[in-house]
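The residues making up each chain are set out below.
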Amino acid sequence: MPERNLVSWCSLMAGYLHTGFSLQVLKLFKDMTLVDSLRPNEYIFAVVFSACSDGGKALEGRQCHGYVVKSGLVFHQYVKNALINMYSKFSDVNGAMRVFSLVPGYDVYSYNLVLNGLVQQGFSNEAIQVLERLMGESVEWDSVTYVTVFGLCACLKDLKLGLQVHCRILTSDVELDVFVNSAIINMYGKCGNVINARKTFDWLQVKNVVVWTGIMAAYFQNGCFEEALNLFSEMKIGDVSPNGFTFAVMLNSTAGLSALRHGNVLYGEIVKSGFKDHVIVGNALINMYAKCGDIEAASKVFLDMMYRDCITWNAMICGYSHHGLGKEAMALFHDFLAAGECPNYVTFVGVLSACSHLGLVKEGLYYLNQFMRQVGVEPGLEHYTCVVGLLSKSGLLDEAEKLLRSIPVESDVIAWRTLLSACHVHQNYGFGRRIAEFVLEMDPNDVGTYTLLSNIYAKAKRWDGVVKIRKLMRERNIKKEPGVSWIEIRNVTHVFVSDDCQHPESTQIYEKVKELLARIKPLGYIPDVTAVLHDVEEEQKEDYLSYHSEKLAIAYGLMHAPLEAPIRVFKNLRMCEDCHSAAKLISKLINSMIIVRDANRFHSFQNGCCSCADYW
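Just so it is clear, the model here is predicted, and its values are computed rather than measured.

(A) Region of interest: the overall build of the protein. In terms of regular secondary structure, the protein is built from 32 helices and six strands. Referenced to the eigenvectors of the C-alpha coordinate spread, the extents of the protein come out at roughly 105 × 55 × 50 Å. The buried share of the protein, reckoned over its 616 residues, is 51%. Entry remark: accessible area of the protein is about 29,500 Å², with carbon and sulfur atoms responsible for 54%. Of the side-chain charges in the protein, 58 are positive and 65 negative, and the distance between the mean point of each set is 3 Å.

Set out below in structure tokens:
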């Protein structure tokens, strides 16, 4: 072109921008001012700011910001909006707010950009202030505004505000498309109102994969794992194909149920559908296998992943820690640092838990007091609880109590119960009674503390104390959850309670338990009658121990599981000492692995040893 004006330059820049060549836009901008000596107008700068944000050119963006301020072009509304968008994409919330607040003139796009930037960066309080300002203006909301505000309600878990916004959109002219409805479903799910989420879903005439995934996620977030899995089957019947996010929700729901076989079926579908190499799916697979007790499969998925993010590493580190594999967790953490990744809050939960398993007091205190602050991670309650467990395991009960009383965050019952459990393990019953009394002052309804305190009295043969605790529980209407163990054999889950006679094969199961206990006695098994918390004769105590739910589940697994296949048992409460000793010797007897997940952690029994090193 022999002659070029701002329109032709702007058209060419916009073309490059829309086809993804954002850096070329900045080169054209420089050529325009140098070659044709043209002064850019507001339209040019709107394109340039978009190019800076897409290309991650923060320095050039700020330079152009200075230019438009000096020229007065910043007062054009679309230039202002482009600036807000640029700073938001740079995660510079302060920069976006300065432009929003100091430059007069607001439209719905300005508010949308600022609100979205604040919500995305986690500045919920600032977002509420902008929302209040928006409510005071005569600015008409569009669908993007509603989607963003529903997202804010979800972040805050503010159901009251969410209901108000939902009422507002129903009385407006805004179309309730799939994006808006997905935001509504997500809001109700995050706010714990799955009933309203389902009503919104059922009201829809057209449901795509985004909406289906949203309602499944709502059920998953509220612990309704079976309902989420049932919806997955309904979605496939409706001829809607799942995407990577759908599979991630399904895998995490499967993890919540510890349904390993179902997880394997999902894995097969993932491979056939081509989502195996998606990072979010790989992360969910690691989580599923780790929580279902197959840490080897989780490790294989991790090693096979083409791309990994911080969540991938965290899932594997925490998975190893939860299985008591502290050495593997620490080795992976060092690989994580060597790969140039930056650890975050969750990473250190896994690392400190691994230190606790290994009894690495010095290293754990170093990570808590120095290394975490070096990388900019502020220690939270979970980290302090892990260190309390670490100190307690090493017998440093006084130091653990001092730490809990001095931490800068408010401690909870779980942290103190960790110390109380250690008193039980170390048989320091006087210390334990004092801690238990303190915990019950914090939460008079904590059933776990009553149980531990009753156990402490029973171990010390203080039967009057046991009676006192049980009377107190009756007076306060506190009921101990019954111990239940379950095992999945050929797609059927079999549930057992102690002295269970309800199972159709109970006679054969009891015979199998008797046989196993008789065979492990020559290997050194001595019934731990101290685990019986009743004041009865020794012979009767042995009978109580013989048919605990864990033993029944293990016996049934050995009767029906494939030869040499691992026996995977799940229990809702802490595994008792006698069942723990028996499981170790049974694993040596059968030369196979027994995996028991109790309320605290996974126990992997093999060749007469347990991954917890006999501390849990």
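(B) Up close: the environment of valine 74. Turning to its location among the elements, valine 74 is positioned in the loop between helix H4 (58-71) and helix H5 (77-89). Relative accessible area serves as the criterion here: at 5%, valine 74 is assigned to the buried category. Taking C-alpha positions, valine 74 is 9.2 Å from phenylalanine 45, a pair spaced 29 residues apart along the chain. Sequence-distant contacts of valine 74, that is, excluding residues within four places in its chain, are made with Val68, Val69, Val79, Lys80, Leu83 and Val103.

(C) Structural context of the sheet that holds strand E4 (residues 594-597). With mixed pairing, the six strands of this open sheet are ordered in space as E2-E1-E3-E4-E5-E6. Taken across any chain shown, the strands that pair with only one partner, and hence form the sheet edges, are strand E2 (492-497) and strand E6 (609-610). Examined bridge by bridge, strand E1 (residues 484-489) and E2 share six bridges and lie antiparallel to one another. Following the sheet pairing, tryptophan 486 is matched in E2 by valine 495.

(D) Quick peek at the UniProt feature "repeat: PPR" (unreviewed entry) in the protein. In the numbering adopted here, UniProt assigns the feature "repeat: PPR" (unreviewed entry) to residues 107-141, 208-242, 309-343 and 446-480. Taken end to end, residues 107-141 is 74% helix and 0% strand, and its first and last C-alpha atoms sit 10 Å apart. Annotated as residues 446-480, this span is 74% helix and 0% strand, and its ends, taken at the C-alpha atoms, are 10 Å apart.

(E) Expanded view of the side chain of serine 356. Assignment of secondary structure puts serine 356 in helix H21 (residues 345-358). Among the residues examined, serine 356 registers a relative accessible area of 14% and is labelled buried.

(F) Just the nonpolar core, in detail. Core analysis: the largest hydrophobic core is formed by 162 residues, its most contacted members being Met13, Phe49, Tyr289, Tyr367 and Leu419. Counting residues per element, this core draws most heavily on helix H13 (residues 209-221), which supplies eight residues. Leaving out residues up to four positions away in the same chain, tyrosine 367 has contacts with Met330, Phe333, His334, Phe348, Val351, Leu352, Cys355 and Met372. With 31 residues, the next largest nonpolar core counts Tyr525, Leu552, Cys576 and Cys579 among its residues.

(G) Focus on the packing of aromatic side chains. Taken as a whole and judged by the stated rule, the model has 25 aromatic pairs. Seen from their ring centres, tyrosine 267 and tyrosine 289 are 6.2 Å apart, and the 75 degrees between their planes marks the pair as edge-to-face. Separated by 22 residues along the polypeptide, tyrosine 267 in helix H16 (residues 260-273) and tyrosine 289 in helix H17 (residues 279-291) bring together distant segments of the chain. Given a relative accessible area of 3%, tyrosine 289 falls into the buried group. Through a chain of ring-to-ring contacts, three or more aromatic side chains come together here, namely Phe302, Trp313, Phe333, Phe336, Phe348, Tyr366, Tyr367 and Phe371.

(H) Examining the domain arrangement of the protein more closely. Domains assigned within the protein are domain 1 (415-476) and domain 2 (484-610). Here domain 1 and domain 2 have C-alpha centroids that lie 26 Å from each other.

(I) Up close: H5. Counted at 1.5 Å a residue, the expected span for H5 with its 13 residues is 18 Å, and the 18 Å between its end C-alpha atoms agrees. One or two steps after H5, the chain reaches serine 91, where phi turns positive at roughly 60 degrees.

(J) Broad picture of the packing of helix H25 (residues 413-425) against helix H26 (residues 429-442). Running from amino to carboxyl end, H25 crosses H26 at an angle of 160 degrees, the nearest separation of the two axes being 9 Å. When the interaxial angle is binned, H25 and H26 end up roughly antiparallel. The two elements H25 and H26 cross, and the hand of that crossing is left-handed. Of the residues in H26, those in contact with Val413, Trp416, Leu419, Leu420, Cys423 and His424 of H25 are Tyr429, Phe431, Gly432, Ile435, Ala436, Phe438, Val439 and Met442.

(K) Looking closely at the packing of helix H19 (residues 310-322) against H21. Between H19 and H21, the least distance of the axes is 8 Å, while the angle of their chain directions is 20 degrees. As summarised for this structure, H19 and H21 are arranged roughly parallel, according to the angle between their axes. When the axes of H19 and H21 are compared, the crossing they make is left-handed. Of H21, the residues touching H19 (which contributes Cys310, Asn314, Ile317, Cys318 and Ser321) are Val346, Thr347, Gly350, Val351, Ser353, Ala354 and His357. The class makeup of the residues in the contact of H19 with H21 is six nonpolar, six polar and no charged.

(L) Quick look at the pattern of salt bridges. Under the definition given, this model contains 17 salt bridges. One salt bridge connects arginine 568 with aspartate 294, and the closest N-O pair in it is separated by 3.6 Å. Taken together, the residues span a long stretch of sequence, with arginine 568 in strand E3 (residues 567-571) and aspartate 294 in the loop between H17 and helix H18 (295-304) at a distance of 274 residues. The same class applies to arginine 568 and to aspartate 294, which are both buried.

(M) Representation of helix H8 (residues 124-136) in the model. Counted at 1.5 Å a residue, the expected span for H8 with its 13 residues is 18 Å, and the 19 Å between its end C-alpha atoms agrees. Taken as a whole, H8 has its buried residues at Ser124, Ala127, Val130, Leu131 and Leu134. Along H8, the residues classed as buried sweep out an arc of 115 degrees about the axis, all on the same side. In this structure, H8 carries Asn125, Gln129, Glu132 and Gly136 as exposed residues pointing more than 90 degrees from its buried face.

(N) Highlighting the pairing of E3. With five of its five residues buried, E3 lies for the most part within the structure. A two-sided burial pattern is seen for E3, the buried positions comprising Ile567, Val569 and Lys571 on one face and Arg568 and Phe570 on the other. In this region the chain leaves E3, passes through helix H32 (residues 577-590) and returns to the parallel neighbour E4; the handedness of that crossover is right-handed.

(O) Just the side chain of histidine 494, in detail. Tracing the sequence through the fold places histidine 494 in strand E2. Here histidine 503 takes part through its side chain, which lies 3.1 Å from a polar atom of the side chain of histidine 494. A polar contact is formed between the side chain of histidine 494 and the side chain of tyrosine 556, at a distance of 3.4 Å. Excluding anything up to four places from it in sequence, histidine 494 contacts Ser485, Trp486, Ile487, Ile489, His503 and Tyr556.

Basis of the calculations
Residues numbered from 1 in each chain as written. Predicted model: local features only at pLDDT ≥ 70, side-chain atom pairs only at ≥ 80, totals over all residues. Heavy atoms only, no water. Helix = DSSP H or I, 4+ residues; strand = E, 2+ residues; numbered from the N terminus. Buried < 20%, exposed > 50% of the residue type's maximum accessible area, 1.4 Å probe, protein only. Areas by Shrake-Rupley, 256 points an atom, 1.4 Å probe, with all protein chains shown as cover. Lys, Arg positive; Asp, Glu negative; His and termini not counted. Charge placed at Lys NZ, Arg CZ, Asp CG, Glu CD. Contact = heavy atoms within 4.5 Å. Pairing = 2+ DSSP bridges. UniProt positions renumbered as here; feature names shortened; annotations may be inferred. Core = buried A, V, L, I, M, F, W, Y, C linked by side-chain atoms within 4.5 Å. Phe/Tyr/Trp six-rings, centres within 6.5 Å; stacked < 30°, edge-to-face > 60°. Domains from an automatic or database assignment. Expected span 1.5 Å × (residues − 1). Axes fitted to C-alpha atoms, helices over the stretch in contact; angles between N-to-C directions. Parallel < 35°, antiparallel > 145°, perpendicular 65-115°, else oblique. Left-handed = near helix turned anticlockwise from the far one by under 90°. Nonpolar A, V, L, I, M, F, W, Y, C, P; charged D, E, K, R; others polar. Salt bridge = Lys/Arg side-chain N within 4 Å of Asp/Glu carboxyl O. Arc of directions from axis to C-beta. Right-handed = clockwise from strand over helix to strand, strands pointing away. Polar contact = N/O pair within 3.5 Å; in protein donor to acceptor, adjacent residues only side chain to side chain.

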